[in-house]
Amino acid sequence: MAKRNDLSEKQAVSRRGLLLAQRSPSIDYGVYQPAVDEVPVPPADAEVHPTACEYCIVGCGYKAYTWPVDKEGGPKADQNVFGKDYPIKPASGNWASPEMHSIVRKDGELHNLLVIPDGETAVNRKGNHSVRGGRSAQKPYSPNRPTSDRLQAPMVRVNDTLQAISWEDATSIIAELSQYAIEKEGPNAFGMRYYSYQFWENTFALTKLIYKNIGTAVGAEHDKPTASNDATGLDDCGVDGFSTSYSDFQQADVIFMSGFDPYENQTILFTEWIAPGGAKIIFVNPRKSPTAVYAERNGGLHLQVQPNTDTVLNNAIQRYIIEQGWEDREWIDRMTVSRDDIESEDPKHWRRRSFGQTFEEHKAWLLSDDTYTLENAERITWVPKEKIIKAAEMLARPRGKLRTKAAFMLEKGNYWSFNFPASASLSSLGLVCGAGSRPGHNMSRAGGHQRGGMKAAGYPLKKSWVKSKHGRQGENALMPVNFDEYAMSGKLKVAWILGTTWLDSMNAAQAIRLKLGEMTRKHPIYPESLDKNAIVEAFKRRMDDGGMFLIQQDIFPNSLTQFADIVLPAATWGEVDFARAQGERRLRIYSRFNDAPGDAKPDWWIIAQVAKKMGYEGFDWEESNDVFEEAAMKSEGGHYDASNLVRIAREKGMKTHELLREMSTTGIQLPARIVNGELKGTLRLHDETFPAEEVDTAPKIVKQFKTASGKAIFMKGDWDLVKDTFEQFRPQGDELWVSNGRINHIWQSMYDDARNPFVKSRYPSNFLMINPADAEPRGIESGDLVTVENDKVLNQLGEMSRGVVSLVAYVTDEVGEGVTYTYAFYPGQSADLVVPAVTDPVTGVYNYKIGKGVVKKSGETPLKSVDGSMSFIPRTVG
């Protein structure tokens, strides 16, 4: 038995130890009490399954080891699968904690499961891991752990109760009702809200159904109300959101970070790649979170910006750079567009044609708008002008003949405020500094989820009827349909929600819930029999009467389940072979190592059954690899081109999934190229340093920006687009900003973390960080129960309502005066309850950061007095 990091040869493996490892940790008033401090050692013949962390964009490499529970390994090298003599140091790739072990069923039999970081991977090279990934072994289903509530059988709601039915009946009901709605009212009567990240095989299948075959314009990804891109201003300027390699950040002198904390959200990217490189960090965030403290203590800056004013800050910095003549003129002349280049853009890229500028046009506009003077920028953003000047100097002030290598990163705190102007202003700031095409001079997203989206067909924009008023006169500036608004209007008859916690993640969430309830569970027409034909007829009558047929497909029940008419159980990470890429476009296999619970099926299989019953061809896949190979061939020529993997695999007479398995946890960076007959990855996109002799092996995006001319475009991120909205919804009187986002221990909607005793102990409730200067006059102390009320919550139908949420107070100077902060997606305590459904005027994406409210103490919680429970210790320790 390996006792954490103190294994001795004399310690024996015991059956008692194996049983102890099965005990669930207990919670007592939120205090986490680990049951064991030992894990079994995998024997030399344990099976090894390459995989990666399920959570953040970094995608750290892990290996899952499985072996029967009646077999045991030992501490000598020839007794264990690692070939190591123990004890061994942590973070070595061969060391495990109790959280890395569990018991699962594999091929119907009980097996030990050990999921540990791979010390030989190219990502987390030292076997390091985040607090999230290190507990991956707790994710799989077990009837003896909190994951016992996994969905295991298809269910239909009859007489207000979910009842189990067969897959044959479930998929037939969905197919027949979808066809009925489409034939009666057109393809836009059908809509799907789906994850964009959960493996290529699944996203390829679902987009093949909804966009290629049905052709609906009512589709939205998990984190947006529409099918829009994320960092639109970055995309529009011609820079791919994930164009870099992590090694690029080690070559930067300065990194400008906007709207995220890499230590908390992309932990290994920060600890193994950014921090060791020694770059000075300019950190833009309303919170003084851990990376802000690190930046200030290591020669960098924290620009503690007022929420939603990043556009002004970015433009003020680049204006000052231009005023000083510090722009990288040689690079700008060589790598950015002329006016003719902008005019050559396809009209479908209407934002480039409407907001695109040459450098001279961009310079003239910035210098003509007094909003971006130092004095006005300080007033609007709350960032002192001295810090704005300092940031400009760090980024662009020449050092003799040398230029600073400035890299730029952005994430949701930037583009989930005012989506287009915030991200466009940052991309233009990067271009002014010569960033985008060289190591150390790069621009990219930091990333949220991994890149599991592979579309079989693009969003059918021509079928949308939504137009922006910001397009050129005479041009058809179409925007994707707002799924939430369309659903609430009553026009959406079949809504399929796949792998996303819709009701805990969208703005004005309460309004969506109320309207959804009226159209589904509270509707007077519902099935009263388990007869398939009776079920179909009941839902047809409901749809004809203004109601909706709602499908939920997921791994766990969540807030949507109470409204769902049919619930479909999905298989997930570790239960099926899948593939996807991470933040460097590194494609890996996510191996199967345990059984899916009950009758849960992979999402691609479920989609395929419905598609075939609707009469669509091309869904006759027999296994996950079949879907992957079709998707990989579809990717040819793009930034995630994996087609050469299929070609090489077929030459070798093997499945492409098996080829990826041979590549283990390092995988291959896309586009995958063939050089001298061998597969070769691609370090970065838009790369001026790309070897000339290999140009013919790569898609154009590897050497050029993704614009018609191959050159980058200065996008006009104009504060005038949003300043009136900002003034309308900013805090007034006694109100405070209620900002939101992530925090280190928790991943997204807590779909796993809500079932993890360690996390639930650390955060048994959602919190509200509040500055002492704001807390004291309100009589608020840490551990108090507080309410946040916002009487200006605009809903998706243009109606104003009141939003309220109860939270636990966390008094800290991590937030500045006038600003509070809460976790975005805590179930039942979602920040979006007090965030209005304000959308970006150019892209239609929600502003998730424009929450506000009156904060009042309403009582005390047990967390205020229970020693050792939820910690309120300051996190501003660096």
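Since the model is a prediction, treat every value here as computed from it, not as a measurement. (Residues numbered from 1 in each chain as written. Predicted model: local features only at pLDDT ≥ 70, side-chain atom pairs only at ≥ 80, totals over all residues. Heavy atoms only, no water.)

Some thoughts on the pattern of salt bridges
Point 1. Using the criterion set out here, one finds 74 salt bridges in the structure.
Point 2. Ionic pairing is found between Glu584 and Arg586, a salt bridge with its closest N-O pair at 3.3 Å. Note on accessibility: Glu584 and Arg586 belong to one class, buried.
Point 3. Sharing partners across several salt bridges, the network here consists of Glu221, Asp223, Lys224, Asp230, Glu411, Lys412, Arg445 and Lys455. (Salt bridge = Lys/Arg side-chain N within 4 Å of Asp/Glu carboxyl O. Buried < 20%, exposed > 50% of the residue type's maximum accessible area, 1.4 Å probe, protein only.)

Side note on the sheet that holds strand S23 (residues 586-590)
Working definition: the strands of a sheet are paired by backbone hydrogen bonds and lie parallel or antiparallel to each other.
Point 1. Taken together, the three strands give an open sheet; going across it, the order is S22-S23-S24, and neighbouring strands pair in antiparallel fashion. Either end of the sheet is taken by a strand with one partner, and the two such strands are strand S22 (578-581) and strand S24 (668-669).
Point 2. Where S22 meets S23, four bridges bridge the pair, whose relative direction is antiparallel. Among the inter-strand pairings, Ala579 is bridged to a residue of S23, identified as Ile589.
Point 3. Where helix H3 (residues 200-214) meets the sheet, its contacts fall on S22 and S23, and the angle it forms with S22 comes to roughly 90°. (Pairing = 2+ DSSP bridges. Helix = DSSP H or I, 4+ residues; strand = E, 2+ residues; numbered from the N terminus. Contact = heavy atoms within 4.5 Å. Axes fitted to C-alpha atoms, helices over the stretch in contact; angles between N-to-C directions.)

Looking at the sheet that holds strand S15 (residues 406-410)
Point 1. The parallel open sheet is built from five strands, whose spatial order is S13-S12-S11-S15-S16. Edge positions in the open sheet fall to strand S13 (301-303) and strand S16 (443-445), since each of these has one partner strand only. Between one strand axis and the next, the sheet turns by 15° as a mean value, whatever way the strands run.
Point 2. In this sheet, strand S12 (residues 280-284) lies alongside strand S11 (residues 254-258) in parallel orientation, the contact comprising five bridges. Note that in S12 the partner of Phe256 across the bridge is Ile282.
Point 3. Packing against the sheet, helix H7 (residues 290-297) makes contact with S11, S12 and S13, and its axis sits at approximately 140° to S12.

Quick notes on the environment of Arg541
Point 1. For Arg541, the location among the structural elements is in helix H19 (residues 532-544).
Point 2. In this structure, the C-alpha to C-alpha distance between Arg541 and Asn419, residues 122 residues apart in sequence, is 40 Å.

Details of the nonpolar core
Point 1. In this structure, Ile317, Leu395, Phe408, Trp496, Trp502 and Phe549 are the most contacted members of the largest nonpolar core, which totals 236 residues.
Point 2. With 15 residues, the next largest nonpolar core counts Ala509, Ala775, Val788 and Leu833 among its residues. (Core = buried A, V, L, I, M, F, W, Y, C linked by side-chain atoms within 4.5 Å.)

Quick notes on the packing of helix H8 (residues 310-323) against helix H12 (residues 359-368)
Point 1. It is at 10 Å that the axes of H8 and H12 come closest, and there the two elements cross at 110°. On the basis of their axis angle, the class for H8 and H12 is roughly perpendicular. Residues Asn315, Gln318, Arg319, Ile322 and Glu323 of H8 lie in contact with H12, whose contacting residues are Phe359, His362, Lys363, Trp365, Leu366, Leu367 and Ser368.
Point 2. Among the residues forming the contact of H8 with H12, the class breakdown is five nonpolar, four polar and three charged. (Parallel < 35°, antiparallel > 145°, perpendicular 65-115°, else oblique. Nonpolar A, V, L, I, M, F, W, Y, C, P; charged D, E, K, R; others polar.)

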